[in-house]
Amino acid sequence: MTGPASRKKLTLADAAREFAKHPSPWMIGAVLVAACVARIVVGDWQLTDALVPLVMVALFPFFEWMIHVFILHWRPKRVGPVTVDPLLSREHRAHHADPRNVSLIFIPWKSLVTWVLPLTIAVALLAFPRLGMGLTYLVCIVLAGLGYEWIHYLIHTDYKPKTGLYRAIWRNHRNHHYKNEHYWFTVTSSGTADRVLGTYPDPAAVENSPTAKNLHAEVAA
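Residues numbered from 1 in each chain as written. Predicted model: local features only at pLDDT ≥ 70, side-chain atom pairs only at ≥ 80, totals over all residues. Heavy atoms only, no water.

1. Describing the overall build of the protein
Secondary structure summary: the protein contains eight helices and two strands in total. Counting only C-alpha atoms and orienting by the principal axes, one finds that the protein spans roughly 60 × 50 × 35 Å. Across the 221 residues in the protein, those meeting the buried criterion constitute 45%. When contacts within the protein are restricted to residue pairs at least 6 apart in sequence, long-range pairs at least 24 apart make up 62% of them. Summing over all exposed atoms, the protein offers an accessible surface of approximately 11900 Å²; the carbon and sulfur share of this is 68%. Charge-centre separation for the protein: the mean point of 22 positive side chains lies 5 Å from the mean point of 15 negative side chains. (Helix = DSSP H or I, 4+ residues; strand = E, 2+ residues; numbered from the N terminus. Buried < 20%, exposed > 50% of the residue type's maximum accessible area, 1.4 Å probe, protein only. Contact = heavy atoms within 4.5 Å. Areas by Shrake-Rupley, 256 points an atom, 1.4 Å probe, with all protein chains shown as cover. Lys, Arg positive; Asp, Glu negative; His and termini not counted. Charge placed at Lys NZ, Arg CZ, Asp CG, Glu CD.)

2. Examining the environment of Trp45
With respect to the secondary-structure elements, Trp45 resides in the loop between α2 (23–42) and α3 (47–72). Here the alpha-carbon distance between Trp45 and Met133, two residues 88 residues apart in the chain, equals 8.1 Å. With near-sequence residues (within four places) excluded, Trp45 lies in contact with Arg39, Ile40 and Thr136.

3. Quick word on helix α6 (residues 131–155)
Across its 25 residues, α6 extends 36 Å between first and last C-alpha, which sits within 8% of the 36 Å expected from 1.5 Å per residue. With respect to burial, α6 is a largely interior element, 19 of its 25 residues being buried. (Expected span 1.5 Å × (residues − 1).)

4. Re the UniProt feature "domain: Fatty acid hydroxylase" (unreviewed entry) in the protein
With numbering aligned to this structure, UniProt lists the feature "domain: Fatty acid hydroxylase" (unreviewed entry) at residues 54–199. Helix makes up 64% of residues 54–199 and strand 4%, whereas the separation of the span's terminal C-alpha atoms amounts to 24 Å. (UniProt positions renumbered as here; feature names shortened; annotations may be inferred.)

5. Considering unusual backbone geometry
Positive phi is not limited to glycine here, since Asp44 has a value of about 55°. Within the secondary structure, Asp44 sits in the loop between α2 and α3. Overall, the relative accessible area of 40% leaves Asp44 in the partly exposed class.

6. Considering the pattern of salt bridges
According to the stated counting rule, one finds seven salt bridges in the structure shown. A salt bridge links Arg130 to Asp49; the nearest nitrogen and oxygen atoms lie 3.1 Å apart. Here Arg130 is found in the loop between α5 (109–126) and α6, whereas its partner Asp49 is found in helix α3, with 81 residues between them in sequence. A salt bridge links Arg100 to Asp158; the shortest N-O distance between them is 3.1 Å. Here Asp158 lies in the loop between α6 and α7 (164–178) and Arg100 lies in the loop between α4 (87–97) and α5, a separation of 58 residues in the sequence. Relative accessible area serves as the criterion here: at 27%, Arg100 is assigned to the partly exposed category. Bridged by salt links that share partners, the residues Arg39, Asp44, Asp49 and Arg130 form one connected network. (Salt bridge = Lys/Arg side-chain N within 4 Å of Asp/Glu carboxyl O.)

7. A look at the layout of surface pockets
One number sums up the size of the largest pocket: a volume of about 890 Å³. Along the wall of the largest pocket there are 41 residues; nearest its centre are Phe60, Phe63, Ile67, Ile107 and Val116. Of all elements in the fold, only α3, α4, α5 and α6 reach the threshold of two or more residues within the lining of the largest pocket. Tallying contributions element by element places α3 first for the lining of the largest pocket, with 15 residues. Grouping the constituent residues of the lining of the largest pocket by class yields 32 nonpolar, seven polar and two charged. Computed from the structure, the second largest pocket encloses a volume of approximately 180 Å³. Lining the second largest pocket we find ten residues, and of these His73, Arg75, Glu181, His182 and His216 sit closest to its centre. Each residue belonging to the lining of the second largest pocket can be placed in one class, and the counts come to four nonpolar, four polar and two charged. (1 Å grid on protein atoms, 1.4 Å probe; cavity = no way out; pocket = protein on both sides within 12 Å on 5 of 7 lines; lining within 4 Å. Points joined across faces, edges and corners; volume = space filled by probe spheres on them. Nonpolar A, V, L, I, M, F, W, Y, C, P; charged D, E, K, R; others polar.)

Pasting the structure below:
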């Protein structure tokens, strides 16, 4: 990792300056601002709007876990003459190969433009009984996405954990990268979904994986 993120005594201000140099935080942030403005303009505040963030807090770790397992760790598959291997999956394999490469930490901007953000907006506009409720969801999910980018980025810098909660989150993801890629799939929480879904073993009982930096590689017998 180059630039400010390579300093041994990295501060949050140093990390934030580096974070702001990359496109995905700005793209997600722009959608967040637009969603907030739209939500205020639409109005129609109801009790169900207060339930949306509570449900999001409960479900986001599981959503994060599923994306990590089924998309980011997707194995390339042949369908006739075509190899199905999404950009997110390819970039994530590169991220595992070089976890300190700052450019590989973020959600690829091409994926954000072509389907991640459009799909997120479409769900908000079409999947809820009220436009206001859908916009409340959009604000929450985009805020969660921005939080994911920040936490994931920070874990891969030289910033040292200062609190017990962040230390647990930091350790969880570092185990995924440097211990065994088959476990510890949550990023923004300390293994919440992992604990429920059986991917939160005692690290002392897990062998170091020879493919943590080379996902899906064949291991010699």
